[in-house]
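In case you want the letters, here they are:
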Amino acid sequence: MAGLCPGVVVMAKVYLGLGSNCERDRHIGAALDALADRFGTLHLSSVYESAAVGFAGEDFYNLVAGVETPLSVGELSCWLKQVEDENGRDRHAPKFSSRTLDIDILVYDQCAGVIEGVELPRAEILSSAFVLRPLAELAGQERHPALGMTYESLWRNYRSAQALRPVDFVWRNRRLPGVFG
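These remarks concern the structure in this document. All of these numbers come straight from a predicted model, not from anything done at the bench. (Residues numbered from 1 in each chain as written. Predicted model: local features only at pLDDT ≥ 70, side-chain atom pairs only at ≥ 80, totals over all residues. Heavy atoms only, no water.)

**Brief notes about helix α1 (residues 24–39)**
Helix length check: α1, at 16 residues, gives a terminal C-alpha distance of 22 Å against a target of 22 Å (1.5 Å per residue), a fit within 8%. The set of residues buried in α1 consists of His27, Ile28, Gly29, Ala31, Leu32, Ala34, Leu35, Ala36 and Phe39. The inward-facing, buried residues of α1 contact β1 (12–20), β2 (42–44), β4 (60–69), α2 (73–86), β5 (102–108) and β9 (170–171). Glycine 40 sits one or two residues past α1 and shows a positive phi near 80°. (Helix = DSSP H or I, 4+ residues; strand = E, 2+ residues; numbered from the N terminus. Expected span 1.5 Å × (residues − 1). Buried < 20%, exposed > 50% of the residue type's maximum accessible area, 1.4 Å probe, protein only. Contact = heavy atoms within 4.5 Å.)

**Brief notes about the packing of aromatic side chains**
Considering all chains together, one arrives at five aromatic pairs under this definition. Where tyrosine 61 meets phenylalanine 169, the ring centres are 6.1 Å apart and the plane angle is 85°; that geometry is what we call edge-to-face. Of the two residues, tyrosine 61 sits in strand β4 while phenylalanine 169 sits in the loop between β8 (165–167) and β9, which places them 108 residues apart along the sequence. Just as tyrosine 61 is buried, phenylalanine 169 falls in that class too. Their ring planes at 65° and their centres at 5.3 Å tell us that tryptophan 171 and phenylalanine 180 sit as a pair that is edge-to-face. Both residues of the pair, tryptophan 171 and phenylalanine 180, belong to the buried class. Note that arginine 24 overlies the ring of tyrosine 61, its terminal NZ or CZ placed 3.8 Å from the centroid. (Phe/Tyr/Trp six-rings, centres within 6.5 Å; stacked < 30°, edge-to-face > 60°. Lys NZ or Arg CZ within 6 Å of the ring centre and 35° of its normal.)

**What about the packing of α1 against α2?**
At a minimum axis separation of 10 Å, α1 and α2 run at an interaxial angle of 140°. One element, α1, and the other, α2, form an angle in the oblique class. In this structure, the crossing between α1 and α2 has a hand that is right-handed. Between α1 and α2, the residues in contact are Ala31, Ala34, Leu35, Arg38 and Phe39 and Leu76, Trp79, Leu80 and Val83, respectively. Of the residues assigned to the contact of α1 with α2, the class counts are eight nonpolar, no polar and one charged. (Axes fitted to C-alpha atoms, helices over the stretch in contact; angles between N-to-C directions. Parallel < 35°, antiparallel > 145°, perpendicular 65-115°, else oblique. Left-handed = near helix turned anticlockwise from the far one by under 90°. Nonpolar A, V, L, I, M, F, W, Y, C, P; charged D, E, K, R; others polar.)

**A look at the nonpolar core**
One finds Leu16, Leu18, Leu32 and Leu35 to be the most contacted residues of the largest nonpolar core, which totals 37 residues. Listing elements by their share of this core, those giving two or more residues are β1, α1, β2, β4, α2, β5 and β7 (118–120). Examining the composition of this core, we find that seven residues originate from one element, α1, more than from any other. When near neighbours in sequence (up to four residues on either side) are disregarded, leucine 16 contacts Leu35, Leu63, Val64, Ala65, Val67, Leu76, Leu80, Ile103, Asp104, Ile105 and Leu106. Tyr48, Val107, Ile125 and Leu154 belong to the second largest nonpolar core, which has 17 residues in total. (Core = buried A, V, L, I, M, F, W, Y, C linked by side-chain atoms within 4.5 Å.)

**Description of unusual backbone geometry**
The peptide bond linking leucine 120 to proline 121 adopts the cis configuration, its omega dihedral lying at -15°. As for its position among the elements, proline 121 is in the loop between β7 and α3 (124–127). Note that the residue after leucine 176, namely proline 177, is joined by a cis bond; omega there is 5°. If you trace the backbone, proline 177 turns up in the loop between β10 (174–175) and β11 (178–180). The backbone phi angle of aspartate 109 is positive, close to 50°, even though this residue is not glycine. Relative to the elements of secondary structure, aspartate 109 occurs in the loop between β5 and β6 (113–115). Look at aspartate 109 and you get partly exposed, because its relative accessible area is 26%. Of note in this structure, asparagine 173 is not a glycine but carries a positive phi near 65°. Residue position: asparagine 173 is located in the loop between β9 and β10. Take asparagine 173: its relative accessible area is 78%, and that puts it in the exposed class.

As structure tokens, this is what we get:
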């Protein structure tokens, strides 16, 4: 994990899942701004639109961002919650409800298990098309820390009725996907 040796900055490779179904362009853009300001270079998947899961609501925009960070899992989780809160996240809303912004740590290096209160890798990688497809697009040849299979292989074998539609998304005058920084 990052930051275990005093005086030595160790960078962890992290993949984050971003989602919004309230003022989607604004909140996804704000999240990307915050990530770029904090971490510099961002590796971004395409943005996908999908129906809300588990409740009746507006369609979501979802994507995956890859960053490198010296923050520990716990520090990163706290900072991401702060970004969500700054974008109007309602922490008292039901689990399955509309979201201004949701940012989840999907993968942190090759960590597996509950680390600093965060379950890694995130279970939704295997159960949600809106997480696995952009992750496979961005990190297709990388391996799931617990299963050892590539994300590309997991996506190829994934079966779901959930429809995903690629969205033409522009951030900082550039179209996603891509490397920004």
